[in-house]
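Per-entry structural report
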Amino acid sequence: QVRLVESGGGLGQAGGSLRLSCAASGSLFSINAMGWYRQPPGNQRELVATITSGGSTHSADSVKGRFTISRDNAKNTVYLQMNSLKPEDTAVYYCNGQGVSPRGKYDAWGQGTQVTVSS
């Protein structure tokens, strides 16, 4: 079983910064793509950014130039550095990981971490 645990959420101010971390653990052979998604209040979950095991990244237009996704493959951990925060970044942020485990392919989600940005 693959488990993802997020940390680093909380309260931030507009223009400020927060950093999220997500560590994967459990029985896994590989973690290919990892990513961050968010669900603003009253809205559907949306993509924030993804990163492959080789380091290729993709970000939503709404966060380009402000958020940076990175990963430490040795630690099975993905990070999201969030700068120039805006109130509209307020959401529950979820970590996602896809790869292969002894049971086959997996697509795992973390429990989510709340990010609230005050104006």
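Just above sits the structure.
The structure reproduced in this document is the subject of the present report. Every chain is numbered on its own, with residues counted from 1 as its sequence reads. Where totals are concerned, whole chains, interfaces and linings use all residues; where local detail is concerned, this predicted model gives features only for residues with pLDDT of at least 70, and gives and counts side-chain atom pairs only at 80 or more. Each side-chain value is worked out from all heavy atoms of the structure, with water and hydrogens disregarded.

1. Focus: the overall build of the protein chain
Helix numbers and strand numbers start at the N terminus; a helix is a DSSP run of H or I with at least 4 residues, a strand a run of E with at least 2. Across its full length, the protein chain holds zero helices and 11 strands. Across the protein chain, helices and strands are ordered from the amino to the carboxyl terminus as β-β-β-β-β-β-β-β-β-β-β. Note that the radius of gyration is over C-alpha atoms, with the globule rule given as 2.2 Å times the number of residues to the power 0.38. Computed over its C-alpha atoms, the radius of gyration of the protein chain comes to 14 Å, within 12% of the 14 Å expected for a compact globule of 119 residues. Dimensions of the protein chain, computed from C-alpha atoms along their principal axes, come out at roughly 45 × 25 × 20 Å. The long-range fraction of contacts in the protein chain, counting pairs at least 24 apart against all pairs at least 6 apart in sequence, stands at 55%. Calculation of accessible area relied on Shrake-Rupley with a 1.4 Å probe; when residues are assessed, cover is drawn exclusively from the protein chains displayed. Surface accessibility of the protein chain: about 6200 Å² in total, with carbon and sulfur atoms responsible for 46%. Any two residues having at least one pair of non-hydrogen atoms within 4.5 Å are treated as being in contact.

2. Remarks on the packing of aromatic side chains
Describing an aromatic ring pair means giving the distance of the ring centres and the angle of the ring planes. Between the rings of Phe, Tyr and Trp (Trp by its six-membered ring), a pair exists once the centres lie within 6.5 Å; its type follows the angle of the planes, with under 30 degrees stacked, over 60 edge-to-face, and the other angles tilted. Inspection of the entire model under this criterion finds one aromatic pair. With a centroid separation of 5.0 Å and 65° between ring planes, the pair formed by Tyr37 and Trp109 is classed as edge-to-face. Of the two residues, Tyr37 sits in strand 4 (residues 30-39) while Trp109 sits in strand 10 (residues 104-109), which places them 72 residues apart along the sequence. In this arrangement the basic side chain of Arg19 is found over the ring face of Tyr79, its NZ or CZ atom lying 4.2 Å from the centre. In this scheme, Lys NZ or Arg CZ marks a charge over a ring once it lies within 6 Å of the ring centre and within 35 degrees of the ring normal.

3. With respect to the pairing of strand 8 (residues 77-82)
For every residue, the accessible area obtained with a 1.4 Å probe (protein chains only) is divided by the maximum for its type, and the residue is called buried under 20%, exposed over 50%, and partly exposed between those limits. Within strand 8, five of the six residues are buried, leaving the element largely enclosed by the surrounding structure. As defined by bridge partners, strand 3 (residues 18-26) adjoins strand 8 across six bridges and the pair is classed as antiparallel. Pairing of Ala23 across the sheet is with Thr77, part of strand 8. Across six bridges, strand 7 (residues 67-72) lies against strand 8 in antiparallel orientation. Each residue of the ladder has a partner; that of Phe67, found in strand 8, is Met82. The pairing criterion is simple: DSSP has to find at least two bridges between the two strands.

4. Some words on the nonpolar core
Trp36, Val48, Phe67, Val78, Leu80, Met82 and Tyr93 are the most contacted members of the largest nonpolar core, which has 28 residues in total. When residues of this core are assigned to their parent elements, the largest contribution, four residues, is made by strand 3. With near-sequence residues (within four places) excluded, Val78 lies in contact with Leu20, Ser21, Cys22, Met34, Trp36, Ile51, Ile69, Ser70, Arg71 and Cys95. Buried Ala, Val, Leu, Ile, Met, Phe, Trp, Tyr and Cys residues form a nonpolar core when they are joined through side-chain atoms within 4.5 Å.

5. Here's the deal with the pattern of salt bridges
Each salt bridge in this description consists of a side-chain nitrogen of Lys or Arg and a carboxyl oxygen of Asp or Glu lying within 4 Å of one another. Under the criterion given, the structure shown has four salt bridges. When the shortest N-O distance is used, the salt bridge between Arg38 and Glu46 registers 2.8 Å. When its relative accessible area of 30% is taken as the criterion, Glu46 is described as partly exposed. Owing to a relative accessible area of 4%, Arg38 belongs among the buried residues under this scheme. Because the salt bridges share partners, they merge into one network encompassing Arg38, Glu46, Arg66 and Asp89.

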